[in-house]
Amino acid sequence: MDTALGSLTTSPLVTEAAKEIADTIALALNTTFTLADHVSTFVPGSKLVFRYIRASHQNDPYRTLLEILLVVFMFWYFGGRRHKPGEHRLELTEKEVQELIDEWEPEPLVPSLTEFQKVELEKVPVITGPSGPKPKTADGKERLNLASYNFLGIMNQEIIKEKAVQALRKYGVGSCGPPGFYGTLDVHMDLERELARFVGTEMAIIYSQAFSTIASVIPAFSKRGDLLIVDDGVSFATQKGVQISRSNVKYFKHNDLEDLERVLKQVQADDIKNKKKTLTRRFIVVEGLYVDYGDICPLPELVELKEKYKYRLIVEESCSFGVLGKRGAGVADHFGLPPTSIDIMVGSMSNALSSAGGFCAGTTEIVDHQRLSGAAYTFSASLPAMLAVAASEAINILEKTPDLLHRLRQNATVMRATLAKNLHPDAVIHPAGGDTPIIHIRLRHRSEAGREDEEKVLQDIVDEAARGGVLVARAKYVVDQERNPPPPSIRVLATAAHTKKEAEKAAGVVRDAVRKVLKARK
C-alpha cells in the first residue's frame, strides 16, 4: 500500500507544495485504509469492497481524489437547506390585488376578423334542401353548382339513398368505437374488398375521415430519420402528414422531373460523401390529380426514377380516384400502368363516390401495418355503416355506367374552352389544356397591395357569378400554415351531372363575371 501511494508523491508533474499536500492525503488514506481493514474483519463481505477500493486507488490515485470530492458534494447537496414553496411569497394587500385584476387584459382566443372576412361570411350562400348539381339557395332560386366535388354526379341518387336508409335501419347511425375495438362491421370489410378489387391491389383499408387518411398513412411508414422527397404542390392534408412524420424532408418544384432528379442525385451524393451505411426508409410523395393546380402527375417518369434510385412511391389520389383512367381507377389506370407501380395509394371517398372517409390500398403488408400503426384508424370511430354502403354502391354505379367518365371529361373540356374564349386579358385559367375536372381561374398579375386584395377581386367574381345563376367558390388555404400557398384563385369543378349545354352555359356565366368585374377595376 505504501509503495502504491508513494507513487503519487514522486510524480515529476507536481510541484513541491503539491507534494506536501499529496503526502498528507496519502498518510490520511493509509490510516483510513488501515482502520477500515480492521473494521472489515467484523463486517461480512466488506473485505471485497476494500480490496476493490485499494486496487482502484493503486491503478489511478487521482480517481480516488475525484471520488472523495464527489462524496463531499453529495453530502453538501442533499444535506443543504432546501427552498420551500411560498417561503419568499410576496404578500399583497387587497387593494393591490384588485388593481392588478383591473389592469389585466386577457389575450383573445382567436384573432379578430378582418372587414373582408366579415363581409365574406355574410355572403356565404345557404342551400335549402339536398345539395347536388342544381341546388336551391335560401332566396328560392335554383343555381348550377360548379363548387362541388361531385365529379360523377351520383350525389343523392335514389338507389344510393335507398341503400343508405336500409343500412341506417339495420346498423344505426354510427359504431361509437374504433375499428380495432368492436367498430368493424361486415359492410366495412365488404367495402375494403370492393376498393381493393376495383383499383387492382391485394388489400385496402378504410378511414372515417378523408383529410386524416393521408395525414395518418405517411407517419405510419415514415419515421424520424427516414427521408421524404415531396412535390412542392401537394395539398394541405399531405403537408400535415409530412409534418407529423418528423422525417427528413426535401421538396422539389411542382411536377418538375428535372428538379426531382436533381434532389435524388444530391441525396445520393451526400450518402457517398458521408459514407452512410444506415438503411432508412425513403419515399417520393406526389398527388395523382393536384387539387390546388388541376394538373396530373407524370406517373411513368416517377416510376422510372423511384426504381432507379430505390425509393417507394406514395400517391395521394383523392381527386384522381373515380376520375382518371378508362375505369376511373386513378392515375395508374390513366397511364395504363399496373397498380403495383404505386407502392402506397391513398384516396378519398368523399369526392367522386359522394360518401365520406378515405382509404389506402396496397399490398397485404402495407394494409395490415396500418391496422396497428395508422393513428386515424386506431383512435377514430369507424365509418358509419350507411356511408360505407353508399360508397360501395357508388363503385357499383361507376362500373355499370362507364359513360359517366366520358360525360365528365366532355364537360370539363367544354368548360375549359368556354372559359378561355374571350376571357379578360388580366385573368388566366390553369391548367390551360386537358380534360381534368379541376380548373383554376387566377389573376395574371399579382397585386402589389397583397393577397387579400386579390381575394377581394375574386370574391366579387364569385358574387357576380352567383347573381348569374352559377355557384363557384374561391380556393381556400390556411395561409399561415401552408408551406407554399398557391396564388389566390377561383376553383371551378366540372361534373357529369350537367348536360353539355348546361356546362357550357355555366362556364359562360363565370367567364362573363370575370370580364365584368375586371373591366370595372380599370
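So, how was this worked out
- Residues numbered from 1 in each chain as written.
- Predicted model: local features only at pLDDT ≥ 70, side-chain atom pairs only at ≥ 80, totals over all residues.
- Heavy atoms only, no water.
- Buried < 20%, exposed > 50% of the residue type's maximum accessible area, 1.4 Å probe, protein only.
- Helix = DSSP H or I, 4+ residues; strand = E, 2+ residues; numbered from the N terminus.
- Pairing = 2+ DSSP bridges.
- Axes fitted to C-alpha atoms, helices over the stretch in contact; angles between N-to-C directions.
- Parallel < 35°, antiparallel > 145°, perpendicular 65-115°, else oblique.
- Left-handed = near helix turned anticlockwise from the far one by under 90°.
- Contact = heavy atoms within 4.5 Å.
- Nonpolar A, V, L, I, M, F, W, Y, C, P; charged D, E, K, R; others polar.
- Salt bridge = Lys/Arg side-chain N within 4 Å of Asp/Glu carboxyl O.
- Patch = residues over 30% accessible without salt bridge, like charges linked within 9 Å, V, L, I, M, F, W, Y side chains within 5 Å.
- Areas by Shrake-Rupley, 256 points an atom, 1.4 Å probe, with all protein chains shown as cover.
- Lys, Arg positive; Asp, Glu negative; His and termini not counted.
- Charge placed at Lys NZ, Arg CZ, Asp CG, Glu CD.
- Phe/Tyr/Trp six-rings, centres within 6.5 Å; stacked < 30°, edge-to-face > 60°.
- 1 Å grid on protein atoms, 1.4 Å probe; cavity = no way out; pocket = protein on both sides within 12 Å on 5 of 7 lines; lining within 4 Å.
- Points joined across faces, edges and corners; volume = space filled by probe spheres on them.

(A) Up close: the pairing of strand β2 (residues 203-207). Where burial is concerned, most of β2 is hidden: four out of the five residues are buried. The sheet contact formed by β2 and strand β8 (residues 358-362) spans five bridges and is antiparallel. Pairing of Ala 204 across the sheet is with Ala 361, part of β8.

(B) Region of interest: unusual backbone geometry. Going from His 430 to Pro 431, the amide bond is cis rather than trans, its omega being -5°. Within the fold, Pro 431 resides in the loop between β9 (427-430) and β10 (438-443). Here Asn 156, not a glycine, exhibits a phi torsion of approximately 65°, which is positive. Mapped onto the elements of the fold, Asn 156 is located in the loop between β1 (144-145) and α7 (158-171).

(C) Just the packing of helix α10 (residues 210-221) against helix α11 (residues 236-245), in detail. In contact at an axis separation of 7 Å, α10 and α11 are set at 30° when each is read in the N-to-C sense. Our classification of the angle between α10 and α11 gives roughly parallel. Here α10 runs over α11; the crossing is right-handed. Contacts between α10 and α11 involve Phe 211, Ile 214, Ala 215, Ile 218 and Pro 219 from the former and Phe 236, Ala 237, Thr 238, Lys 240, Gly 241, Val 242, Ile 244 and Ser 245 from the latter. Considering only residue class, the contact of α10 with α11 consists of nine nonpolar, three polar and one charged.

(D) Seen up close, the pattern of salt bridges. Under the defined criterion, the tally for this structure stands at 26 salt bridges. We note a salt bridge from Asp 190 to Arg 193, for which the minimum N-O separation is 2.6 Å. With Asp 190 and Arg 193 both in helix α9 (residues 186-199) and three residues apart, the pair spans about one turn of that helix. The partly exposed category is assigned to Asp 190, whose relative accessible area is 35%.

(E) Fine view of a negative patch on the surface. A grouping of Glu 96, Glu 99, Asp 102 and Glu 103 is seen on the molecular surface, where their side chains present a negatively charged patch. When you line up the elements, Glu 103 lands in helix α5 (residues 94-103). For Glu 103, a relative accessible area of 58% gives the class exposed.

(F) Structural view of the packing of aromatic side chains. Counted by the stated rule, this structure contains eight aromatic pairs. Between Phe 73 and Trp 76, the aromatic rings sit 5.7 Å apart at their centres with planes inclined by 35°, giving tilted as the arrangement. On the criterion of helical spacing, the pair formed by Phe 73 and Trp 76 is a turn pair, its members being three residues apart in helix α4 (residues 61-79). Take Phe 73: its relative accessible area is 47%, and that puts it in the partly exposed class. Seen from their ring centres, Tyr 149 and Phe 151 are 5.9 Å apart, and the 85° between their planes marks the pair as edge-to-face. Residue classification places Tyr 149 among the partly exposed residues on the basis of a relative accessible area of 24%. Judged by its relative accessible area of 0%, Phe 151 falls in the buried class.

(G) Representation of empty space enclosed by the protein in the model. Scanning all chains against the criterion turns up three cavities of 30 Å³ or more. Considering only enclosed or pocket space, the largest cavity measures out at about 100 Å³ in volume. Lining the largest cavity are 15 residues, with Pro 179, Ile 206, Tyr 377, Ser 382 and Leu 383 sitting closest to its centre. Broken down by secondary-structure element, the contributors of at least two residues to the lining of the largest cavity are α9, β2 and α16 (375-378).

Read these as layout, nothing more, since geometry by itself doesn't imply function.
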